[in-house]
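A closer look at the structure
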Amino acid sequence: MKALELVKLYALLLCLFSTYTCHGWQGSLPTGSSQACLRRGDLLATSPHDACGDDDVLPTEHRSENTPALPTLATRRDAVAAAMAGLGAEAAWRGAVEAAEAALVEDGTAVVPPSAIEQLESGRAVVIRDWLSSEECALLRADVKQCFEDGEFTNFVLSRNPGKKIDREANDRWIMPSFYKSRGEDGPFADTGVGNFALRQRFKARMAEVKAALSTGLQDRPTLADDFRQTHEMEYLRYGAGALLQRHVDEHHVEIQRPNGSRLPKKPNATRRSVTWMVYLNDDWEAEDGGQLRLHERAEPSAAQVGARGPDLQVGWLRAMANEKELPVFLDPLRPGPENENCMLYTVDASGNKRDLSQKPFANIALYLAGGDAMARKLMVDNASDTKRLHLIDAPKSLVSSILPPVSDAGEDGGERIRDIVPKAGTLVMFDSVSLPHEVLRTNRERFGIQGWFHEKLGYVV
């Protein structure tokens, strides 16, 4: 950081710690407190067992008479947002995350509940209703609508036939990003002259708290809190009537993105998406309005942590069977062997024991020939038991893909379940960017939200 930015960050930390001291912030709560469902956004759930009558909702943290009132966290975020003012987008985001990390060390506040950590590591999505209050949603909704009317959004087109009417509607998707990766420039979300910048800074401060908490709670993600250039990926999102987004995952192994991608030179401090999150802003949204986030979760939660093992990203699953638990499958593309025959699939169980799925590495090209589970089982796995269980999360498309039968709601291997999330205002959703396929169903009216990705450092940097 530049000298001026360091001075402002130091002032930010001083302001934060004085806030804690003045308000007497408490990191723990007495036992025996009563339960309540979360209907305000400043504190999240801490118990993984309490139920609120909604499968999507986590219970709120207990509160007692001695616990500070909700404005304490609001005051902290105001302090962070004020210190962020005047900094560049990159420095502001880094400063907010660093301040949030310091807050966790200082008072141990449970910003993210243990149940959320458990769900993320088992391959499930975390869904928290009313994480933002109706007042906060109204302010952000007004800002996102004004920014869209002012022409600050960019259309992103993914459908293959934009000339057809149905595809024009499907492509009515617009974003207002925090930066443009291809240009190396900040985007309008981080522009002080666009819309209600102070409001967005306060929201950033809140998400910085979540990122810092996840970096502490999640296993084997040591660089999640490290912020390098253009890793504050955050954007307003707008879907028009008829818009949708087909099934996909948000991050792929570099070896699947490009042949021999693990060996190609990377930019300094290259990062990847680690945790996907979104917050919905529309009020009075009902199921018939469409636009649900459809999650293709595994029917059985993973017995071991998902996403990655060191630099090796997850590429598949071993399906749960009668006497076998659901386990993630990772790809090591750098095993010793003949040239271009260096790929090895392996799994790790709940105790951390690692096991290869074949006796010798397979050819890298097999990743692009499989197109589905049947071929992958023949090319990548030796053991007959593993062959029955192997499922690729999102195999690269090939000629084989075009002749495969349609996939049911249970997935290609029968090991998935469908979970639809209605995009109600104030709802926060988080999930692992690598392991959880998802889509957006057709939207029947205009839909607004905020989405982003927390990054961690990319492996295989050469």
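Residues numbered from 1 in each chain as written. Predicted model: local features only at pLDDT ≥ 70, side-chain atom pairs only at ≥ 80, totals over all residues. Heavy atoms only, no water.

1. A word on the confidence of the model for the chain
This prediction gives the chain a mean pLDDT of 80; 74% of its residues lie at or above 70. Note that residues 1–71 has pLDDT below 50 and, in this model, 144 contacts with residues that lie over four places away or in other chains. (pLDDT = per-residue confidence, 0-100. Contact = heavy atoms within 4.5 Å.)

2. Focus: the environment of Val-429
Among the structural elements, Val-429 can be located in strand E17 (residues 428–432). For Val-429, a relative accessible area of 0% gives the class buried. Along the sequence, Val-429 and Tyr-280 sit 149 residues apart, while their C-alpha atoms lie 8.7 Å from each other. (Helix = DSSP H or I, 4+ residues; strand = E, 2+ residues; numbered from the N terminus. Buried < 20%, exposed > 50% of the residue type's maximum accessible area, 1.4 Å probe, protein only.)

3. Points about the packing of aromatic side chains
All told, the structure shown has 6 aromatic pairs when counted by the stated rule. Relative to Trp-174, the ring of Phe-148 lies with its centre 5.9 Å away and its plane at 75 degrees, an arrangement referred to as edge-to-face. Linking Phe-148 in helix H5 (residues 134–149) with Trp-174 in strand E3 (residues 173–177), this pair joins segments that are 26 residues apart in sequence. The partly exposed category is assigned to Trp-174, whose relative accessible area is 26%. Consider the rings of Phe-330 and Tyr-346, whose centres lie 5.7 Å apart with planes at 35 degrees: the pair is tilted. (Phe/Tyr/Trp six-rings, centres within 6.5 Å; stacked < 30°, edge-to-face > 60°.)

4. Remarks on the sheet that holds E17
On the basis of which strands lie adjacent, the open sheet formed by 7 strands has the order E1-E17-E8-E19-E6-E3-E2 and antiparallel pairing. Each edge of the open sheet carries a strand with a single partner, namely strand E1 (126–128) and strand E2 (154–155). Sheet topology places E1 next to E17; 3 bridges connect them, and they run antiparallel. Paired with Val-126 across the two strands is Met-430, which belongs to E17. Packing against the sheet, helix H7 (residues 197–217) makes contact with E3, strand E6 (232–239), strand E8 (271–280), E17 and strand E19 (447–457), and its axis sits at approximately 45 degrees to E19. (Pairing = 2+ DSSP bridges. Axes fitted to C-alpha atoms, helices over the stretch in contact; angles between N-to-C directions.)

5. Observations regarding the sheet that holds strand E7 (residues 245–248)
Taken in spatial order, the 4 strands of this open sheet run E7-E18-E9-E16, and their pairing is antiparallel. Of all the strands in the sheet, the pair left with one neighbour each is E7 and strand E16 (416–421). Geometrically, the sheet is characterised by an average inter-axis angle of 15 degrees between neighbouring strands, direction not taken into account. Bridge analysis of E7 against strand E18 (residues 438–440) gives 2 bridges, and the strand direction is antiparallel. Bridged to His-248 within E18 is His-438.

6. A look at unusual backbone geometry
Even without being a glycine, Asp-284 presents a positive backbone phi close to 55 degrees. Here Asp-284 lies in the loop between E8 and strand E9 (293–298). Positive phi, close to 65 degrees, is recorded for Asn-340, a residue that is not glycine. Note that Asn-340 resides in the loop between strand E12 (327–332) and strand E13 (344–348). Look at Asn-340 and you get partly exposed, because its relative accessible area is 38%.

7. Structural notes on the nonpolar core
Counting 41 residues, the largest nonpolar core has Phe-203, Leu-214 and Trp-277 as its most contacted members. Among residues more than four places away in sequence, those in contact with Trp-277 are Phe-203, Met-207, Glu-233, Met-234, Leu-428, Val-429, Met-430, Ile-450, Gln-451, Gly-452, Trp-453 and Phe-454. Judged by nonpolar contacts, the second largest core, of 19 residues, contains Leu-331, Cys-343, Phe-362 and Ala-366. (Core = buried A, V, L, I, M, F, W, Y, C linked by side-chain atoms within 4.5 Å.)

8. Observations concerning a nonpolar patch on the surface
A cluster of nonpolar side chains, Ile-365, Leu-369, Met-375 and Leu-379, forms an exposed patch at the surface whose accessible area comes to about 330 Å². If you trace the backbone, Leu-379 turns up in helix H10 (residues 373–380). Here Leu-379 falls in the partly exposed class, since its relative accessible area comes to 35%. (Patch = residues over 30% accessible without salt bridge, like charges linked within 9 Å, V, L, I, M, F, W, Y side chains within 5 Å. Areas by Shrake-Rupley, 256 points an atom, 1.4 Å probe, with all protein chains shown as cover. Salt bridge = Lys/Arg side-chain N within 4 Å of Asp/Glu carboxyl O.)

9. Notes on the pattern of salt bridges
Throughout the structure, instances matching the rule amount to 21 salt bridges. For Glu-233, the salt bridge goes to Arg-273, with nearest N and O atoms at 2.6 Å. Here Glu-233 is found in strand E6, whereas its partner Arg-273 is found in strand E8, with 40 residues between them in sequence. By relative accessible area, Glu-233 is classed as buried at 15%.

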